[in-house]
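Below are the chains, spelled out letter by letter.
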Amino acid sequence: LANERRLHLLSQAVEQVAEGVAVLDLHGRIVYANPAVAAMHGRTPRSLVGKLPVAYHTPEQMAAVRAALAQTMSMGHFSGELWHARRDGTAFPCLVQTTVLRDEKGGKIGFVATCRDITDAKNAADEIARLQMETINRYYSSPAHIMGRIRTIRRAVDLRYRARTGMGYLGF
């Protein structure tokens, strides 16, 4: 009974978690997709089962996907950003974690992958960078900054004049 309860709890957790979760066999075919991974790709879980990763990646993305799977096979895991595609073809960035699944004897039996759509986070970071550049541009083009630069240049000219002539302050 304890094992059944534990299995039911794990099943419910994976079904309800906001992270996308997919289980793939050793050939890369999807054997399980939770509702979150299906929704972020504009699909249903059932429509993803049996499909290869090309079902949610564009051809341009497949080289990076193959490299991530190769790393997973060789190192046992992959963590990084991969671009995915919705059913309508629009691309979006995902933070992906992929791990080799092993049986009781340590043999490879498949992969488990989690996926988080990071579009909002990337858009927020881009907006912060844009605002920082805007602030810097405003500062460097502000009258106060320009006057400060003029004073610095005048001081430098005055120091150079004193060094060359041995005479005092130019008066500007």
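Caption draft 1: The overall build of the chain, seen in detail. Secondary structure assignment for the chain yields six helices and five strands. Reading the chain from its N end, one meets helices and strands in the order α-β-β-α-α-α-β-β-β-α-α. On C-alpha atoms alone, the chain measures out to a radius of gyration of 29 Å, which is more than a quarter above the 16 Å that the 2.2 N^0.38 rule sets for 172 residues. When the backbone C-alpha atoms are referred to their principal axes, the chain occupies close to 95 × 40 × 35 Å. Sorting the 172 residues of the chain into buried and exposed places 26% on the buried side. Sequence-distant contacts, at least 24 apart, represent 34% of the contacts inside the chain between residues at least 6 apart. Just so you have it, the chain exposes about 11,800 Å², and 60% of that area is on carbon and sulfur atoms.

Caption draft 2: Molecular detail of the sheet that holds strand β4 (residues 91-102). Here five strands make up an open sheet; going across it, the order is β2-β1-β5-β4-β3 and the pairing antiparallel. Looking at the sheet topology across the chains shown, the edges are occupied by β2 (30-33) and β3 (77-85). Neighbour-to-neighbour, the strand axes of the sheet open up by a mean angle of 25 degrees, direction not taken into account. Packing of helix α4 (residues 62-75) onto the sheet brings it into contact with β3, β4 and β5 (108-117), and relative to β3 it is tilted by some 160 degrees. The strands that helix α5 (residues 119-140) touches are β3, β4 and β5; relative to β4, the one it contacts most, it runs at about 130 degrees.

Caption draft 3: Summary view of empty space enclosed by the protein. Overall, the coordinates contain one cavity of 30 Å³ or more when judged by the stated rule. Roughly 210 Å³ of volume is contained in the largest cavity. Forming the boundary of the largest cavity are 18 residues, of which Tyr56, His57, Val96, Thr98 and Ala113 lie nearest the centre. Elements supplying a minimum of two residues to the lining of the largest cavity: β1 (20-24), α4, β3, β4 and β5.

Caption draft 4: Just the nonpolar core, in detail. The biggest cluster of nonpolar side chains holds twelve residues, and these are Ala22, Leu24, Ile30, Ala33, Val37, Ala38, Leu48, Ala55, Tyr56, Val100, Phe111 and Ala113. Secondary-structure elements contributing two or more residues to this core are β1, β2, α2 (35-40) and β5. Not counting residues up to four positions away in its chain, the partners in contact with Ala113 are Gly20, Val21, Ala22, Leu24, Gln97 and Thr98.

Conventions and cut-offs
Residues numbered from 1 in each chain as written. Predicted model: local features only at pLDDT ≥ 70, side-chain atom pairs only at ≥ 80, totals over all residues. Heavy atoms only, no water. Helix = DSSP H or I, 4+ residues; strand = E, 2+ residues; numbered from the N terminus. Rg over C-alpha atoms; globule rule 2.2 N^0.38 Å. Buried < 20%, exposed > 50% of the residue type's maximum accessible area, 1.4 Å probe, protein only. Contact = heavy atoms within 4.5 Å. Areas by Shrake-Rupley, 256 points an atom, 1.4 Å probe, with all protein chains shown as cover. Pairing = 2+ DSSP bridges. Axes fitted to C-alpha atoms, helices over the stretch in contact; angles between N-to-C directions. 1 Å grid on protein atoms, 1.4 Å probe; cavity = no way out; pocket = protein on both sides within 12 Å on 5 of 7 lines; lining within 4 Å. Points joined across faces, edges and corners; volume = space filled by probe spheres on them. Core = buried A, V, L, I, M, F, W, Y, C linked by side-chain atoms within 4.5 Å.

Everything listed here is a matter of coordinates, which is why it stays silent on function.
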